[in-house]
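# Structural features, examined
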Amino acid sequence: MNLALLLEMTAGGAPDRVAIGSLNGGITFAQLLEKAQRAAAYLEASETERVVMLDVNSEALPIALFAAGIAGIPFVPVNYRLADDRLRQILARTVPAVSVTAEDSTSRIQGIEGLEVMTRAEFLDKAEHPGVPSGRFVAPEEIAIVLFTSGTSGDPKAALLRHEHVTAYIVSSVEFLGSDEDEAALVSVPPYHIAGISAILSSAYSGRRIVYLPQFEPAIWVDTAREESITHAMVVPTMLDRILKELEAQNSTLPNLRHLSYGGGRMPIPVIERAMKLLPNIGFVNAYGLTETSSTVVF
Amino acid sequence: MDLKAGSRWTSAVSDVEVVVVKAPESDVSLKSGGHEMLPLGTEGTGGAIEAGLDGDVPIGKRYADDVSGVELLVTKGGQGILTLNDVVLELKSAKPLPSSD
């Protein structure tokens, strides 16, 4: 099945729940689907073959992911922290492509043949413009997402995730609309990491709201978690250490947070012990998995 | 019926819609409420659900059959029990994992 069907189901079953952003003023599941369909119609008309995302977290991320799914072309989030030459080498491997790009990054990727550079604002504008995608059949074995490895030992390798991989992972492990209406996940992992992608898919299918932080910053993370009544979050160990320092400095806690998962590196025992003392009512989950396995395989 | 993986089907007699998660290994007849399901986008026949097959088919539930290997996901809920070769399909239980994302 197409990964966009995960969103389509939730838009049908709980159209007015907020999918992305604040409870007041956020985008509902029905609106998210409509924006993705409109963006998909634009992608189909442009006859591009891939959608690149070179930007921090924002609502453009899930819109672009689902739009690419509907249009049946791969979604390719890339690491904006790469040096210009490495970045350009990777992008040259994605053409012909449209790049949804942070305003301040457009100048870094000009002049790559076959790459159409578009700002986030321009892309979001396409998602507002009425249009209906063709609804063509996308086979389960078609590639849905391309994630580049860090390339520690040579050129970055592309991990290919097919529609059948990501949807199998979601429908076999997540209960449809299984989230309570008050649940909200704070996502601060970057879009080019598999955890950022699976957060979108599992939240969409379970009907859980996502609140994005463009980039991780401990004080903003703690303030946002409190203001947005965040119940779920995923962090890497260094983030948790900095969040705890912030809470200790503020002499405060996070009353709404119920569930914190961590991964992406070894968790130092002193950090998790401090976390369990400071946040006694939270369930902690250590997640481990490979990009190639559509995220978590071991808990 | 060509129940290829990823194909979508609608009930001829109700709102039920399904997507094929795993294709069957043999030719099968998939029905909802006693009537063969139609490719999504086809008009329903307006017929009546057969007696005894008027149960609820909830959105988000998976149905599977070990003999043919077919697996379906309900993408739109409604009335009209799902049958495969006239045998009622079994609900496949989810295996919720401790959510990490």
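For the structure itself, look to the data block above.
Structural notes, computed from the coordinates. (Residues numbered from 1 in each chain as written. Chains lettered and ligands numbered in written order. Predicted model: local features only at pLDDT ≥ 70, side-chain atom pairs only at ≥ 80, totals over all residues. Heavy atoms only, no water.)

### Thoughts on the overall build of chain A
Threshold: The way it works is that DSSP assigns letters per residue, a run of H or I at least four long becomes a helix, a run of E at least two long becomes a strand, and they are numbered from the N terminus. Working definition: with a 1.4 Å probe on protein chains only, accessible area under 20% of the residue-type maximum means buried, over 50% means exposed, and in between means partly exposed. Contacts are residue-level and defined by heavy atoms, with any inter-residue pair within 4.5 Å sufficient. To measure how exposed things are, a 1.4 Å probe is used in the Shrake-Rupley method; for residues, cover is taken only from the protein chains shown.
In terms of regular secondary structure, chain A is built from 10 helices and 15 strands. Counting only C-alpha atoms and orienting by the principal axes, one finds that chain A spans roughly 55 × 45 × 35 Å. A buried classification covers 58% of the 299 residues belonging to chain A. Counted over contacts in chain A with a minimum sequence separation of 6, partners at least 24 positions apart contribute 70%. Carbon and sulfur atoms form 50% of the exposed surface of chain A, whose accessible area is close to 12500 Å².

### Comments concerning the environment of A:G72
Residue and element names in this part refer to chain A. Mapped onto the fold, G72 is located in the loop between α3 (60-71) and β4 (75-77). In sequence terms G72 and V166 are 94 residues apart; their C-alpha atoms lie 14 Å from each other. Every residue in contact with G72, bar those within four places of it in the chain, is listed here: R136, V138 and E142.

### Notes on α3(A)
Spacing of three or four residues puts side chains on the same side of an α-helix, whose turn is 3.6 residues. All names here are of chain A. Definition in use: How far a helix is expected to stretch is found by multiplying one less than its residue total by 1.5 Å.
Between its terminal C-alpha atoms α3 stretches 16 Å, which fits the 16 Å expected from 12 residues at 1.5 Å a residue. The element α3 is extensively covered by neighbouring structure, given that 12 of its 12 residues are classed as buried. Every buried residue belonging to α3 is among A60, L61, P62, I63, A64, L65, F66, A67, A68, G69, I70 and A71, and all of these are buried. Backbone geometry just downstream of α3 places G72 in the positive-phi region, at approximately 75°.

### Topic: the nonpolar core
The nonpolar side chains of soluble globular proteins are, as a tendency, buried together. Residue and element names in this part refer to chain A. To keep things clear, this is the line we draw: Residues belong to one nonpolar core when they are buried, are Ala, Val, Leu, Ile, Met, Phe, Trp, Tyr or Cys, and are joined through side-chain atoms within 4.5 Å.
If you look at the biggest cluster of nonpolar residues, it comprises 64 residues, and the most contacted ones within it are F66, F75, I145, L201 and Y205. Looking at which element gives the most residues to this core, the answer is α3, with 10 residues. Residue contacts for F66: discarding those within four places in its chain leaves L3, A4, L7, L32, A36, I200, L201 and A204. Within the second largest apolar cluster, 26 residues are counted, among which are A225, L244, L247 and V271.

### Structural notes on the environment of B:A48
Residue and element names in this part refer to chain B. Following the sequence through the fold, A48 ends up in the loop between β5 (38-39) and β6 (56-57). The exposed category is assigned to A48, whose relative accessible area is 58%. A sequence separation of 14 residues divides A48 from G34, and the C-alpha atoms of the two residues are 8.8 Å apart. If we skip the residues at most four places from it in the chain, A48 touches V13, G33 and H35.

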